[in-house]
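Survey of secondary and tertiary structure
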Amino acid sequence: MLLGAVMAAAMIYAGQATVLYTFYPPLKAHPVFYLGLAIFIVGSWVALFTWIPVYRRWRKNNPGKKTPLAVVGIFATFIVWQIATLPVAFEVLVLLVPWSLGWTPGVNVVLSRTLFWFFGHPLVYFWLMPIYVLYYTMLPRLAGGKLFSDFAGRFTFMSLILLSCPLGLHHQFADPGISSTWKGIQGVLTLIIVIPSLLTAFTLAASLEFAARRRGGTGLFAWWRKLPYFESENWFFPYLFCGLVIFLFGGITGIVNASYNMNNVVHNTAWIPAHFHLTVGGPIFLGILGMSLYLIAGLLKKPVLSRSLAVGVPYLWMGGTFIFSGGLFLGGLRGEPRRTNLGLTYLNPASPSYRPDWWISTHLGLLGGLIMGLAILLYFVVLIRSLAGAKDAASEHVPFSIPLSETYHDENIPAVQNFTPWVTAAVLLIVLAYYSPISDILKSKFKPAPGYKPDSPVAVESVR
Ligand code: HAS
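First, a word on scope: everything that follows refers to the structure included in this document.

Attention shifts here to the overall build of the protein. In terms of regular secondary structure, the protein is built from 14 helices and two strands. The C-alpha radius of gyration computed for the protein amounts to 24 Å, which stays within 12% of the reference 23 Å derived for 464 residues, consistent with globular compactness. The dimensions of the protein, computed from C-alpha atoms along their principal axes, are 70 × 60 × 45 Å. For the protein, the residues scored as buried account for 49% of the 464 residues in total. In the protein, 79% of the contacts between residues at least 6 apart in sequence involve partners at least 24 apart. Of the roughly 21,700 Å² that the protein leaves accessible, carbon and sulfur atoms contribute 70%. The averaged location of the 16 negative side-chain charges in the protein is 4 Å from the averaged location of its 31 positive side-chain charges.

Okay, structure coming up:
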């Protein structure tokens, strides 16, 4: 994976791979970039296969025991990754590498995009699922309570295996060459995958309520006041809690994106980066920040210093993301495009394309971005101060541990305790959802596209 990442990054820094993170053809990169991607993907497959024998051994030595929820979550994550990376590996190795080497005259753009998004949507759950592991297994304990339902966690992870892949077409509602029926079907599947996240929302809210009532909370809603929002000893809680609050809005806007007709309004506008700063930039990012600090300090046996600052970081980040995304949502609804150099054109009074009505939205984005930048800076202050601090003598001989939650309802439901039926159903659903769209694309008479560089409208080579 390191070798692949170095190869791909070297080409990006050399200006030979300016193809966006989606590496969409007909934008064309240097072959080393694509080879690096392929090596990176293949390298990532090793992890799962090294864990399987360990898992099997554990099962053999612990007959009849339920697999720990965190292990279920991480296995589910890597099963999704394993399935999702097959089409993108095919795209890279069979379509893009030969094209970039000049062995094929052009590339089928729609096929490439479809294979990319077959991978690209499950990718977002690959980011989300480890954070769900933190939410299900650690957040209730950090709040002072228990996980409301063990079943909800297992069902969420299993249903994400089932549903993560067969919905990539919701990124291609505007693409030609794919029938609107299949776009519609995958749109509905996207709305169905919202269910495990809603289940997560209600389960975590119930877990937080249980914790808050244990801490003396009362009333229908007044118990929210009793959660440990600002306790410096419990600095990790706000990283997970703020992530949840942000994700509420990331999820709602995802539902807007997935609604076929509303997608026409927001597609390729600033609305989309606003959405993903409330998903990948919210729960995922804060979960990674919080857990990294917890792991680094814990494993090195150093106490986290400047804890009040550590508590402030996620709130500052949350404020920043809301302002940033609020601005971009506003701009997106007014047609402000994404992936565009706004400064030279639309925000430049000297330009004929000047759009004064995008001034407020873009500047709100700027303000939010600056606040987010400040939050990161403060995070590094905490991290570096903690790393530079002395070891905690008291914990020197205590093994490092993770604050794992007990469960309130520990249901024993066999249907969510075996991966095989879920993986089998996932494969069947993928075949069902993708067979027709891909065979339609293969039957279509798309002219193979030559390569382009982003700075010129003229193809770098012509189709033979
Ligand atoms: Fe998305 C585009 C639809 C989730 C990331 N998404 C993107 C892109 C990224 C991304 C990076 O259907 C841009 C790709 C590109 O470059 O073109 N997305 C969805 C839907 C969901 C969703 C339906 N997205 C994510 C996650 C991401 C992510 C997760 C990263 C990790 N997204 C789309 C669509 C597009 C898209 C279209 C294409 C748009 C286009 O036209 O290009 C769902 O999975 C969301 C479900 C989530 C919920 C929220 C549950 C709430 C929870 C919090 C509970 C809070 C509590 C605390 C308990 C329903 C769990 C409350 C306390 C208080 C005090 C309030």
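In this structure, the iron atom of the ligand receives exactly one donor atom from the protein: H275 (NE2), at 2.3 Å. Here H275 shows up in helix α10 (residues 271-277).

Glancing now at the side chain of S164. Topologically, S164 is positioned in the loop between α6 (150-163) and α7 (180-214). For S164, a relative accessible area of 0% gives the class buried. Within polar-contact distance, the side chain of S164 engages the backbone oxygen of L160 at 2.6 Å. Apart from the residues lying within four places of it in its own chain, the contact partners of S164 are V80, H121, P122, Y125 and I193.

What follows covers the site of the ligand. Taken together, 32 residues form the shell around the ligand, and within it Y125, N263, H267, H275 and R338 come nearest. Side-chain polar atom of N263 to an oxygen atom of the ligand: 2.8 Å apart, as the coordinates give it. Between an oxygen atom of the ligand and a side-chain N or O atom of R338, the distance comes to 2.8 Å. The leading source of residues in the shell around the ligand is helix α8 (residues 236-258), at eight residues.

Bringing the packing of α8 against helix α12 (residues 307-333) into the picture now. Between α8 and α12, the shortest axis-to-axis distance is 8 Å and the interhelical angle comes to 15°. The pairing of α8 with α12 is recorded here as roughly parallel in orientation. By crossing handedness, the relation of α8 to α12 is classed as right-handed. Contact residues: P238, Y239, C242, V245, I246, F249 and T253 in α8; A310, V311, V313, P314, Y315, W317, M318, T321, F322 and F329 in α12.

Okay, the nonpolar core next. Counting residues in each nonpolar core, the largest one holds 124 residues, and the members touching the most others are F33, Y34 and Y239. Counting residues per element, this core draws most heavily on helix α4 (residues 109-137), at 18 residues. Contacts of Y34, omitting those with residues within four sequence positions, involve V19, L27, K28, A29, V92, L96, V97, W99 and S100.

In this section: the environment of E406. Within the fold, E406 resides in the loop between α13 (359-388) and β2 (407-409). Overall, E406 belongs to the exposed group, its relative accessible area being 54%. For the pair E406 and M138, spaced 268 residues apart in sequence, the C-alpha separation works out to 9.2 Å. Setting aside anything within four residues of it in sequence, one finds E406 in contact with K146 and L147.

With that out of the way, let us pick up helix α14 (residues 419-443). Between its terminal C-alpha atoms α14 stretches 35 Å, which fits the 36 Å expected from 25 residues at 1.5 Å a residue. Three or more residues of α14 are buried, namely F419, W422, A426, I430, A433, Y434, P437, S439 and I441. In this structure, the buried residues of α14 make contact with α2 (31-61), α3 (69-100), α4, α6 and α7. A side-chain oxygen of the first residue of α14 lies 3.1 Å from the backbone nitrogen of T420; this N-cap is N418.

Bringing a nonpolar patch on the surface into the picture now. On the surface, L330, Y354, W359, I360, L364 and L367 cluster together to form a nonpolar patch covering roughly 540 Å² of accessible area. Top element by residues in the nonpolar patch is α13. It accounts for four residues. As for its placement among the helices and strands, L330 is situated in helix α12.

This next bit is on unusual backbone geometry. Cis geometry is adopted by the peptide bond preceding P26, which originates at P25 and carries an omega value of 10°. If you check the backbone angles, S306 has positive phi at about 50° while not being a glycine. Located in the positive-phi region is R339, a residue other than glycine, with phi close to 55°. Here R339 lies in the loop between α12 and α13. What makes R339 partly exposed here is its relative accessible area of 40%.

A few words on the pattern of salt bridges. Enumeration according to the criterion identifies 10 salt bridges in this entry. K146 is the partner of E406 in a salt bridge, and the nearest nitrogen-oxygen pair spans 3.8 Å. Of this pair, E406 sits in the loop between α13 and β2 while K146 sits in the loop between α5 (139-143) and β1 (147-149); the two residues are 260 residues apart in sequence, bridging distant segments of the chain. One salt bridge in this structure joins E209 and R213, with 2.8 Å as the shortest N-O distance. Here R213 and E209 lie together in helix α7, a separation of four residues that amounts to about one turn.

What counts and how
- Residues numbered from 1 in each chain as written.
- Predicted model: local features only at pLDDT ≥ 70, side-chain atom pairs only at ≥ 80, totals over all residues.
- Heavy atoms only, no water.
- Helix = DSSP H or I, 4+ residues; strand = E, 2+ residues; numbered from the N terminus.
- Rg over C-alpha atoms; globule rule 2.2 N^0.38 Å.
- Buried < 20%, exposed > 50% of the residue type's maximum accessible area, 1.4 Å probe, protein only.
- Contact = heavy atoms within 4.5 Å.
- Areas by Shrake-Rupley, 256 points an atom, 1.4 Å probe, with all protein chains shown as cover.
- Lys, Arg positive; Asp, Glu negative; His and termini not counted.
- Charge placed at Lys NZ, Arg CZ, Asp CG, Glu CD.
- Donors = N, O, S within 2.8 Å, 3.2 Å for Na, K, Ca; no water.
- Polar contact = N/O pair within 3.5 Å; in protein donor to acceptor, adjacent residues only side chain to side chain.
- Near = heavy atom within 4 Å.
- Axes fitted to C-alpha atoms, helices over the stretch in contact; angles between N-to-C directions.
- Parallel < 35°, antiparallel > 145°, perpendicular 65-115°, else oblique.
- Left-handed = near helix turned anticlockwise from the far one by under 90°.
- Core = buried A, V, L, I, M, F, W, Y, C linked by side-chain atoms within 4.5 Å.
- Expected span 1.5 Å × (residues − 1).
- Patch = residues over 30% accessible without salt bridge, like charges linked within 9 Å, V, L, I, M, F, W, Y side chains within 5 Å.
- Salt bridge = Lys/Arg side-chain N within 4 Å of Asp/Glu carboxyl O.

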